[in-house]
There are 6 protein chains.
Amino acid sequence: MAAVLCPGSFDPPTNGHIDVIERAAKHFDQVVVAVIANPSKEPLFSLDQRKDLLVDVLSHLDNIEIASFDGLLVDFARTRGISVIVKGLRAVSDFEYELQMAQMNSALLPGLDTMFVTAKPNWAFLSSSLVKQVARYGGAVDGLVPPLVGKALEEAYRVSPPTEHT
Amino acid sequence: MAAVLCPGSFDPPTNGHIDVIERAAKHFDQVVVAVIANPSKEPLFSLDQRKDLLVDVLSHLDNIEIASFDGLLVDFARTRGISVIVKGLRAVSDFEYELQMAQMNSALLPGLDTMFVTAKPNWAFLSSSLVKQVARYGGAVDGLVPPLVGKALEEAYRVSPPTEHT
Amino acid sequence: MAAVLCPGSFDPPTNGHIDVIERAAKHFDQVVVAVIANPSKEPLFSLDQRKDLLVDVLSHLDNIEIASFDGLLVDFARTRGISVIVKGLRAVSDFEYELQMAQMNSALLPGLDTMFVTAKPNWAFLSSSLVKQVARYGGAVDGLVPPLVGKALEEAYRVSPPTEHT
Amino acid sequence: MAAVLCPGSFDPPTNGHIDVIERAAKHFDQVVVAVIANPSKEPLFSLDQRKDLLVDVLSHLDNIEIASFDGLLVDFARTRGISVIVKGLRAVSDFEYELQMAQMNSALLPGLDTMFVTAKPNWAFLSSSLVKQVARYGGAVDGLVPPLVGKALEEAYRVSPPTEHT
Amino acid sequence: MAAVLCPGSFDPPTNGHIDVIERAAKHFDQVVVAVIANPSKEPLFSLDQRKDLLVDVLSHLDNIEIASFDGLLVDFARTRGISVIVKGLRAVSDFEYELQMAQMNSALLPGLDTMFVTAKPNWAFLSSSLVKQVARYGGAVDGLVPPLVGKALEEAYRVSPPTEHT
Amino acid sequence: MAAVLCPGSFDPPTNGHIDVIERAAKHFDQVVVAVIANPSKEPLFSLDQRKDLLVDVLSHLDNIEIASFDGLLVDFARTRGISVIVKGLRAVSDFEYELQMAQMNSALLPGLDTMFVTAKPNWAFLSSSLVKQVARYGGAVDGLVPPLVGKALEEAYRVSPPTEHT
């Protein structure tokens, strides 16, 4: 049975992430969503919160498992016996970094392939950081993240309306 | 059964193409190598020659079908009931063009996804055009294409040694 | 009164072109849509056809003039006393070429600025060549071009259904 | 009256910023230079210092207003009733990020357009961070920033001559 | 003695080419300017004309040899016993193509290195094709090419003033 | 005698760095490997450790000097009377940043050229940061760095095996 990994920080999951995971779930037997437990940047949401959000927003898919890992993705892939990583691709800088990671992972674990899938053009500008930046200032993030994630962001930030200094 | 399409002109197939097709064949049940019958540039090898070369250089894979098509890739995919295209990715300009095609194809046939796989770094500089350019002047293409393709190239070109005009 | 130029081959105009021209028309007093009379590639539609199509698909805008030119864009801009070119931006290779043209035009006519506007993400993959390629094989181009342009494409091409050679 | 926003940290303003603002001021009725009050990186110059520097180096332009904002740029644009952002474009990574921001801002405030203008090639390599890095080690920044900004930088850094450790 | 190759079509040589060759001549003992005899696009100037133009515009450098070659650059390099190619770099698409060629050449002739040097930002937008396009319509190319090349372009094209079709 | 600079943090040196330095050493009389004493990110290895590692892994080259500097590279180049910087190029974002630095350095010290050399495709994905990330989690870095550097990394990190949180 062909299982694939969809790794990420998911801090929080966006409509772009969900789009990519849905595509992976459609084309492969099983998708293991692999949450990076301790991303290099201090996350806004705890690991448990991020996993709970993913469970909720992916509840319409039945070949999904939400897992998490610490350390190297290749070690997690090896442990799980998975040989395909599926990632979304947005822009050029993305592409370069992702290509570098893909080659590195393939050097560390020969036989591990990374497959890139393109999300809807609408999500091409979307990233968790941009979404957080918007939510932090009380901007409307509906349309960018599922309602549930929108609520979680609202709770996480005290709404601080922008002030003009003139 | 999950079948995927690997489309291309394959004029001629290179070690880079073979690397990508091998990866697709490893992760999916069936790979339909879809030869573009009439590419925009006049091909060096006839459609039959290109298909024969592919049959030979992919004979070690048993979940491969060599087909060809004329017209739109999305129509071919629709006819065959296939919803995944697998392509190799090399460089940035590549990436931009491929992304554009992927979005266009997905707009023409909703549900059709393109998945990009990265080949070995060694093949990152490789293209059929470069190989032909080298072979045309009698350059050594072993290591870039399978021996059989090398011979086909040799026959196709009269060896014209480079001359210095001083 | 600030007039700007929107140059292009418009062979044929797409929804992406229209999006860019609409944005220019919103922010500037007057938009001169400048059709390149003799593009380097032989156009599918005659100059008159391309101008007629533009007149039709831009009829909802009242600060638009459809003109055409032969030769250098900077000479046309000089003749018309216009100092801003507005162009759409899609992808990276686009960006590089457009940047090169912008710098060249500014070197040829100091004071001539090029302003790039980003179209809707949906049009990021769209180009006249891709649209023609689709229409040539009878693919559905509605959603990519206005209905009128779709009809013009249909007439221009004999519908040739794709054939699989197996 | 068509007013546009030129947002930035301006920590400090460089010749590249000034070039872009001059072009905006030439083509639009009014330019609001919008200083980001609290950029993500701790600025070298206080908000007041950055605004004062801008007032000085832009004193030759009479359709300029120096303002500042905290929070989302789209909220500031909405408050001011402005529907065009003008930004300079330098390189590819720039372009990707700016494109992402433009699409995000347009999603948050439909009707808000970002227009990119290319500065002189000489400024293509210029950024506030590079200028600060140079000034920090006593490098000569004349030609990169106005004399006034050069002096401000000199005062801001203690001149620490580079030492070779052999 | 370290000799290097500066290959190109030089149809015609531009100020950008000259800048790169001057830098190569400054850092290496000997520079062999290697004119591609038969470029893939039909050249405007004959091989002899291109070589003569180079002789003239490089007459201020005394460690320069103007040669030409047909066929593969690696064969020419091998014949001359040269192991460094020096090329100018402009933009991203350039970079990708050049990188591809560099890797290919190094695969064909192990030990052959390509070194890229960046020209002045002013020449970043410059290419022989753009210059020809400008000259063809009677545009002023002084500042982009040496006066001698400007004259050669003038003679090569009949000056056809741009016509507006309204 | 033509000496060149190969600057970097070398925290730690990788096979990619060594490849670039070897190429520089082959084509120029003398290579000064210039270690950035205090890189912006806190280094894992002390300056002395990094210099010692370089001495060891470059001991097969006899036209190498290991130096270090603090402050601006242009000042170090001026002090040493060196007018060529040699750097390796990997990917596009790399290229953009490096191009920016090259233009800046050339503006600060006219006559200082940066020459980019492409390393083996195998090292295209390699960076000191990626290597450290791998080593931190006990991943195998042989093949990416010389054995000596591998041992130094092992000592520097406590091996923390990845744990899955399910």
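Definitions and cut-offs
- Residues numbered from 1 in each chain as written.
- Chains lettered and ligands numbered in written order.
- Predicted model: local features only at pLDDT ≥ 70, side-chain atom pairs only at ≥ 80, totals over all residues.
- Heavy atoms only, no water.
- Helix = DSSP H or I, 4+ residues; strand = E, 2+ residues; numbered from the N terminus.
- Polar contact = N/O pair within 3.5 Å; in protein donor to acceptor, adjacent residues only side chain to side chain.
- Contact = heavy atoms within 4.5 Å.
- Salt bridge = Lys/Arg side-chain N within 4 Å of Asp/Glu carboxyl O.
- Buried < 20%, exposed > 50% of the residue type's maximum accessible area, 1.4 Å probe, protein only.
- Arc of directions from axis to C-beta.
- Buried area = accessible area lost by both parts, 1.4 Å probe.
- Nonpolar A, V, L, I, M, F, W, Y, C, P; charged D, E, K, R; others polar.
- Pairing = 2+ DSSP bridges.
- Expected span 1.5 Å × (residues − 1).
- Right-handed = clockwise from strand over helix to strand, strands pointing away.
- Least-squares fit on C-alpha atoms with pLDDT ≥ 70 in both.
- Phe/Tyr/Trp six-rings, centres within 6.5 Å; stacked < 30°, edge-to-face > 60°.
- Axes fitted to C-alpha atoms, helices over the stretch in contact; angles between N-to-C directions.
- Parallel < 35°, antiparallel > 145°, perpendicular 65-115°, else oblique.

(A) Representation of the side chain of Ser-127 of chain F in the model. Here Ser-127 of chain F lies in the loop between β5 (113-118) and α5 (128-136). A distance of 3.1 Å separates the side chain of Ser-127 of chain F from the backbone nitrogen of Leu-130 of chain F, its partner in a polar contact. When sequence neighbours within four positions are dropped, the list of residues in contact with Ser-127 of chain F reads Gln-100 of chain A together with Thr-14 and Arg-90 of chain F.

(B) Quick peek at the pattern of salt bridges. The tally for this structure, following the rule as stated, stands at 36 salt bridges over all chains. Note that Arg-23 of chain D and Asp-19 of chain D form a salt bridge whose closest N and O atoms lie 2.6 Å from each other. Of this pair, Arg-23 of chain D and Asp-19 of chain D are both found in helix α1 (residues 15-27), 4 residues apart, which corresponds to roughly one turn of the helix. A single salt-bridge network, built from bridges that share partners, covers Asp-19 and Arg-23 of chain A together with Asp-113 of chain B.

(C) Helix α6 (residues 147-156) of chain F, seen in detail. All names here are of chain F. Residues of α6 that are buried include every one of Val-149, Gly-150, Ala-152 and Leu-153, and no others. Looking straight down α6, one finds its buried side chains confined to an arc of 160°; they lie on one side. Pointing more than 90 degrees away from the buried face of α6 are the exposed residues Pro-147, Lys-151, Glu-154 and Glu-155. Here the buried face of α6 lies against α2 (47-57) and α5.

(D) Region of interest: the interface of chain C and chain D. With 27 residues of chain C in contact, the opposing surface of chain D contributes 27 residues. Taken together, both faces of the contact between chain C and chain D bury some 2,200 Å²; the carbon and sulfur share is 60%. Across the chain C-chain D interface, the total number found is 2 salt bridges. Where chain C meets chain D, there are 9 residue pairs in polar contact (both at pLDDT 80 or more). Of all the elements in the fold, those that place two or more residues in the side of chain C that touches chain D are α1 (15-27), β4 (84-89), α4 (92-108) and β5 (113-118) of chain C. Classifying every residue of the side of chain C that touches chain D gives 15 nonpolar, 6 polar and 6 charged. As paired strands, β5 of chain C and strand β5 (residues 113-118) of chain D are joined by 3 bridges and run antiparallel to one another. Its bridge partner being in β5 of chain D, Phe-116 of chain C is matched across the sheet by Phe-116 of chain D.

(E) Representation of helix α1 (residues 15-27) of chain F. Between the first and last C-alpha of α1 of chain F there are 19 Å, a value that for 13 residues agrees with the 18 Å anticipated at 1.5 Å per step. Burial of α1 of chain F is extensive: 10 of the 13 residues sit out of reach of the surface.

(F) Structural detail: the pairing of strand β1 (residues 3-8) of chain F. All names here are of chain F. Counting buried positions along β1 yields 6 of 6 residues, so the element is predominantly enclosed. Burial of β1 is two-sided: the residues Ala-3, Leu-5 and Pro-7 facing one way and the residues Val-4, Cys-6 and Gly-8 facing the other way are all buried. Where β1 meets strand β2 (residues 30-36), 6 bridges bridge the pair, whose relative direction is parallel. Directly across from Val-4, in β2, lies its bridge partner Val-31. Note that the unit made of β1, α1 and β2 has a crossover that is right-handed.

(G) Structural view of the relation of the copies chain C and chain D. Superposing chain C onto chain D takes a rotation of 180° plus a shift of 0.0 Å along the axis, which leaves an RMSD of 0.0 Å. In short, the pair behaves as if placed about a two-fold rotation axis. Using C-alpha coordinates, one finds that chain C approaches the rotation axis most closely at Phe-116 of chain C, a distance of 2.4 Å. A high fraction, 100%, of the interface residues of chain C reappear at the interface in chain D, so the copies pair face to face through one surface.

(H) Representation of the packing of aromatic side chains in the model. If you walk through the whole model with that rule in mind, you get 9 aromatic pairs over all chains. Ring plane angle 40° and centroid distance 4.9 Å describe the contact between Phe-28 of chain C and Phe-28 of chain D, whose orientation is recorded as tilted. On the criterion of chain membership, the pair formed by Phe-28 of chain C in the loop between α1 and β2 (30-36) and Phe-28 of chain D in the loop between α1 and β2 (30-36) is interchain, its members lying in two chains. For the pair formed by Phe-28 of chain C and Phe-28 of chain D, the shared burial category is buried. Taking 5.3 Å as the distance between ring centres and 20° as the angle between the ring planes, the aromatic pair formed by Phe-69 of chain D and Phe-76 of chain D counts as stacked. Just as Phe-69 of chain D is buried, Phe-76 of chain D falls in that class too.

(I) The arrangement of the packing of α2 of chain F against α6 of chain F in detail. All names here are of chain F. Contact geometry of α2 with α6 gives a least axis separation of 9 Å together with a crossing angle of 155°. Judged by the inter-axis angle, α2 sits roughly antiparallel to α6. Counting all contacts with α2, which are made through Leu-53, Asp-56 and Val-57, the residues of α6 involved are Leu-148, Val-149 and Ala-152.

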